[in-house]
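# Residue-level structure breakdown
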Amino acid sequence: MHEQLQSLEKEIKKYEEATKGVIRIGLHTITSYSSQKPDTQLLKAFKYCIPETFERFQKEFGKKYPSLKPDFIICWKIPSKIVETYECTYPGLWAVTKIYPAIKHHGAIK
């Protein structure tokens, strides 16, 4: 995501539309997954994993990639009726977002 958005910078600077600039927003979605069959105990365990996973995302991005630290992280706890199968469980969907500063271009309004 980061490399793709960085590669657009030269193209954006040539842009001529009358705007105040272009803001690049990157969004990654990550599905939580367990190979275990869904049961009450497993689903209760995921309730506690969500805050721990959030902390890990923040910590790891901050250490390894300080410039890529997410601006927004959210987890949608997917309703059990939608995601449970007999072989595995999909308890949540993560959205990790990075918002880059606006890039001024040739047509930018001052």
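For the structure itself, look to the data block above.
What counts, and where the lines are drawn
- Residues numbered from 1 in each chain as written.
- Predicted model: local features only at pLDDT ≥ 70, side-chain atom pairs only at ≥ 80, totals over all residues.
- Heavy atoms only, no water.
- Buried < 20%, exposed > 50% of the residue type's maximum accessible area, 1.4 Å probe, protein only.
- Helix = DSSP H or I, 4+ residues; strand = E, 2+ residues; numbered from the N terminus.
- Pairing = 2+ DSSP bridges.
- Salt bridge = Lys/Arg side-chain N within 4 Å of Asp/Glu carboxyl O.

Within strand β3 (residues 92-99), 6 of the 8 residues are buried, which leaves the element mostly enclosed by the surrounding structure. Here strand β1 (residues 25-31) runs beside β3; their pairing, made up of 7 bridges, is antiparallel. If you follow Gly-26 over to β3, its bridge partner there is Lys-98. Judged from the 6 bridges that link them, strand β2 (residues 72-77) and β3 form a sheet pairing that is antiparallel. Considered in β3, the bridge of Ile-73 is made with Val-96.

What follows concerns the pattern of salt bridges. All told, the structure shown has 2 salt bridges when counted by the stated rule. In this structure, Asp-71 engages Lys-98 in a salt bridge whose closest nitrogen and oxygen atoms are separated by 4.0 Å. Note that Asp-71 is positioned in the loop between α3 (40-64) and β2 and Lys-98 in strand β3, a separation of 27 residues in sequence. On the basis of relative accessible area, Asp-71 is assigned to the partly exposed category, the value being 45%. By relative accessible area, Lys-98 is classed as buried at 13%.

Any link to function would need more than the numbers given here.
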